[in-house]
Amino acid sequence: MTGQPRRLRLLVPTRVRRSAREVGTRRIRWLLLVYGLVFLVMFGQLIMVQVVQGPEYADRSVRQRARIVDLPATRGRIYDRDGDVLATSVQAATVYADPRAYRPSQTPDGDHLPAAGDSRATAEALAPLLGVEAGDLRERLERDAHFVYLGRQLDWELGEQIRELGLPGVGILGEPRRVYPAGGLAAQIVGFTGIDGEGLQGLEAQFDAVLQGRPGMLAFEQAATGGLGIASGTRELEPSEPGTDVVLTLDRDIQFAAQQAAADAVAVNEAASASVVVLDVTTFEVLGMATAPSFDPSQRGQSDPGTWRNRAVTDVFEPGSTQKALTVAAAIEEGLVSADTITDSRASIEAGGKTFRDQHPFPGDRWTTGDIVERSSNVGTIEMAKQLGDDRLYHYLREFGYGAPTGVGFPGESSGLLMKPSDWWGTSLPTISIGQGVAVTLMQLASSYATLANDGVAITPRIVRGTVGEDGRLTPTASTGERRVVSSDTAAQVRSMLERAITGEHGTGSRAVVSGYSVAGKTGTARKPNPDTRGYSGEYVATFVGFAPVESPEIVVAVMVDEPQADFYGGTVAAPVFSEVMGAALSARRVVPDGGSRGLDEAMDAARLAGAEAAGMVDRPPGVRGPAEPRR
Amino acid sequence: MSALTAPRKRVLTERRQHHLEVVGEPQKRHTLLFALMIIAVLGGAVFGTVTLNALAAAHAVQARALDTQVGEAERVYAQLVADVAALEDPARIRAAALDLGLVPGGPGRHVHLDRNLPADGAVTELDNGRRAADPLKPVLSVER
């Protein structure tokens, strides 16, 4: 017992001293351990944040501050040949809403938030401005969605008006809208776009890739709460490239005249439709191409989709007697006949086991080729076709452009119908030679007559003059090749005969005259095939195609009136339309008058005089020609 | 090789001996001045950075305002182009003309001058000395 306290006394100070040192050391070690652990935790967290989750956080950071704004490209305009705007784009206002603003919600903490607005009040405020039923708007505002359209592509001023209302959850977006300032002018040619700006019809669809341009992009950094962009942040701009403008060959004034005349023809003749094509003879550029009934692209939703079709290039019809000029041209080119060739006239002709006759038999014993064209004789034309034969007639028709698209550059162009000679049967040669059993588009017909007017040289017609890029320069459409179909002499002979078809005593196209100008052309009247049977229906197609002035042709106009009811002859239905359009076209193109043929009034006076003479009421004074009889 | 390296060592030793010199007391460093200078430089850098950032932000605001103006001007221009084209619509002009009581024109006529104007080189006196008809009153013809 006694040894223990002594030892304790001896040991206590030593242990105390050791303990203090050890404790200090131990504490430091513990502290270092704690520090080490904290450091390890922090280091681990650092590794976790920087390495393991680094890409995710970096991505989240970018998402929070990076903003990417799409820069839509401005769609190119469509101009007529003089730079008048046919289609352009303007900024429109699109009204949208976030329906979440119209229903109660919860915060992330679970607190209930009342609806920011009253859907009924908002709908009633917007209904008169948007022209929509308030009930319909309210239904949209109460949908379970984050975004609904309330109105698209409205007038910008209306959008501003709605913005000033400050309705909760309702916003305005700028959106390009395609507009057609001239309304229905050239509607079937220009076509239209969808609500998102994609070309759907006509040249808008055909040249969609050219017109739409390339959208751009602006990337910048912005605080997560919005506001201005971070000035020192990254900013990447890829500007949009505006679409290329397309310049057409159309002349707005001629196009209007053609549309007006076609619409009048439909109304006057109670026809199903009417089409007009106007071509420049020297370039084969389409100056006008109209179809009635038409439509207004801005209100196409209320129109019949059948009116969207450009019938002048998509629909085919039998050319009827307008075909005879081509048959005669082929015969002259082959040296079988000339304009002055005199042959024995015939009342009928046998071909393919069938007898063909003229509606008005030739009164004399001998006739010239010019007489055949002037009187539009079936018999005389078939006689020439028999001399030509199947292969040569087919060859010339193909050379004139039948049986293949003209290549005018319009979508959906038809090839027409022209069978190969190997598929012809007995009556094919005579019928095709007078324009039956063959079908063409009005563009093909106009192109074939333009070839005759252009001294026998055919050029691929075109409707697009060129494109205008960002530099403002016109890049012309690549010129297409020319091909000679008939000789210049042959073309001149046919032209003079076609003039007789209008000015001659027995010409069928006297109503096609244009005051002050000499005019040449040919009427055509054809029955329409019955789609249900192999025969013909009771409906007709009246056509007229011609050019002026005769000596130096500048303009070709082709007219087709489908299913006229009151009258159906080309000379009485289509020829007046030709006269009206040709007069307007010659005036618009500033073609110098060449004196011309007798006027319509003169022709009508002569017709009345001849009628009276025939009735034995008066004697015909010398120098006055007889009436023009309407004929197929 | 060894014969070449030996002289170099001697040269180095001599050089070191030549560079031995008496060094004075270490120069007194002004720690406070150095610290103030560092603070000033850092402060200037911060101030400059903040100033530049503020300027950039201010210009960003101006740029945004200009972008808005340009966008609005482009919108107005596009709208005006469309409005002008609509006003030039032949159908609208025709309707307006009919409302004004105008009637559709007849067939076009072209006027040909049978005699040149003075600007075209016409003279007032003929070669025979006789006075020509007044060239300022050319004979107009519509015969063609």
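Residues numbered from 1 in each chain as written. Chains lettered and ligands numbered in written order. Predicted model: local features only at pLDDT ≥ 70, side-chain atom pairs only at ≥ 80, totals over all residues. Heavy atoms only, no water.

A word on the packing of aromatic side chains. Residues and elements named next belong to chain A. What the rule picks out here adds up to ten aromatic pairs over all chains. Ring centres of Y394 and W424 lie 6.4 Å apart, and the angle between their planes is 75°; this geometry places the pair in the edge-to-face category. Linking Y394 in helix α14 (residues 390–399) with W424 in the loop between α14 and α15 (428–433), this pair joins segments that are 30 residues apart in sequence. Residue classification places W424 among the buried positions, given a relative accessible area of 9%. Just above the ring of Y149 sits the side chain of R152; from NZ or CZ to the centre is 4.6 Å. (Phe/Tyr/Trp six-rings, centres within 6.5 Å; stacked < 30°, edge-to-face > 60°. Helix = DSSP H or I, 4+ residues; strand = E, 2+ residues; numbered from the N terminus. Buried < 20%, exposed > 50% of the residue type's maximum accessible area, 1.4 Å probe, protein only. Lys NZ or Arg CZ within 6 Å of the ring centre and 35° of its normal.)

Here we take up the packing of helix α11 (residues 324–333) of chain A against helix α13 (residues 378–388) of chain A. Residues and elements named next belong to chain A. At a closest axis distance of 9 Å, the pairing of α11 and α13 adopts a crossing angle of 40°. Classified by the interaxial angle, the pair formed by α11 and α13 is oblique. Helix-helix and strand crossings are classified by hand; for α11 and α13 the assignment is left-handed. On α13, the residues that touch K324, T327, V328, A330 and A331 of α11 are N378, T381, M384, A385 and L388. When its residues are assigned to classes, the contact of α11 with α13 shows six nonpolar, three polar and one charged. (Axes fitted to C-alpha atoms, helices over the stretch in contact; angles between N-to-C directions. Parallel < 35°, antiparallel > 145°, perpendicular 65-115°, else oblique. Left-handed = near helix turned anticlockwise from the far one by under 90°. Contact = heavy atoms within 4.5 Å. Nonpolar A, V, L, I, M, F, W, Y, C, P; charged D, E, K, R; others polar.)

Right, let's talk about helix α3 (residues 119–130) of chain A for a bit. Residue and element names in this part refer to chain A. Given a rise of 1.5 Å per residue, twelve residues ought to cover 16 Å, and the 15 Å separating the end C-alpha atoms of α3 matches this to within 8%. What α3 keeps buried is the set S119, T122, A123, L126, A127 and L130. The buried residues of α3 occupy an angular sector of 135° when projected down its axis, which confines them to one face. Where α3 is buried, its residues touch β3 (85–97), α4 (134–141), β6 (148–154), α5 (156–165) and β7 (170–179). Immediately downstream of α3, the backbone of G131 shows phi near 70°, a positive value. (Expected span 1.5 Å × (residues − 1). Arc of directions from axis to C-beta.)

Residue and element names in this part refer to chain A. With an omega dihedral of 0°, the bond running from A292 to P293 counts as a cis peptide bond. Within the secondary structure, P293 sits in the loop between β14 (286–292) and α10 (311–314). Of the consecutive residues A548 and P549, the connecting peptide bond is found in the cis state with omega at -15°. Within the chain, Q153 stands out as a residue other than glycine whose phi angle is a positive 55°. Relative to the assigned elements, Q153 resides in strand β6. Judged by its relative accessible area of 15%, Q153 is buried. A positive phi angle, close to 60°, is found at F284, a residue other than glycine. Turning to its location among the elements, F284 is positioned in the loop between β13 (273–280) and β14.

The next point concerns the confidence of the model for chain B. All names here are of chain B. With 60% of its residues at a pLDDT of 70 or more, chain B has an overall mean of 75. Per-element averaging of pLDDT across chain B places strand β2 (residues 140–141) at the bottom with 43 and helix α3 (residues 90–99) at the top with 92. Ignoring residues within four places in sequence, the model shows residues 135–144, a span with pLDDT below 50, making 28 contacts including any to other chains. (pLDDT = per-residue confidence, 0-100.)

Another aspect to go through is the packing of helix α9 (residues 252–269) of chain A against α3(B). Interhelical geometry of α9(A) versus α3(B) gives an angle of 70° and a closest axis separation of 10 Å. Relative to α3(B), the element α9(A) is oriented roughly perpendicular. Along the contact surface, α9(A) presents A:R252, A:D253, A:F256 and A:Q260, while α3(B) presents B:P90, B:A91 and B:R94.

Residues and elements named next belong to chain A. For I68, the position within the fold is in strand β1 (residues 66–71). Among the residues examined, I68 registers a relative accessible area of 61% and is labelled exposed. As for I68 and L218, which are separated by 150 residues in sequence, their C-alpha atoms are 5.6 Å apart. In this structure I68 touches M217, L218 and A219, once residues within four positions along its chain are discounted.

Counting residues at the interface gives 26 residues for chain B and 30 residues for chain A. Taken over both partners, the interface formed by chain B and chain A buries close to 2,100 Å², and the fraction arising from carbon and sulfur atoms is 60%. Connecting chain B to chain A are one salt bridge. B:E88 is the partner of A:R252 in a salt bridge, and the nearest nitrogen-oxygen pair spans 3.6 Å. In this assembly, chain B and chain A are joined by one residue pair in polar contact (both at pLDDT 80 or more). It is helix α2 (residues 31–87) of chain B that provides the largest number of residues to the side of chain B that touches chain A, a total of 16 residues. Among the residues forming the side of chain B that touches chain A, the class breakdown is 13 nonpolar, four polar and nine charged. (Buried area = accessible area lost by both parts, 1.4 Å probe. Salt bridge = Lys/Arg side-chain N within 4 Å of Asp/Glu carboxyl O. Polar contact = N/O pair within 3.5 Å; in protein donor to acceptor, adjacent residues only side chain to side chain.)

To continue, consider the side chain of A:D208. When you line up the elements, A:D208 lands in helix α8 (residues 208–212). Ignoring sequence-local partners within four residues, the contact set of A:D208 consists of A:R75, A:G197, A:E198, A:G199 and A:L203.

Across the ten residues that make up strand β23 (residues 520–529) of chain A, a large majority, eight, are buried. With antiparallel pairing between neighbouring strands as the criterion, β23(A) and strand β24 (residues 536–548) of chain A make up a hairpin whose turn holds six residues. (Pairing = 2+ DSSP bridges.)

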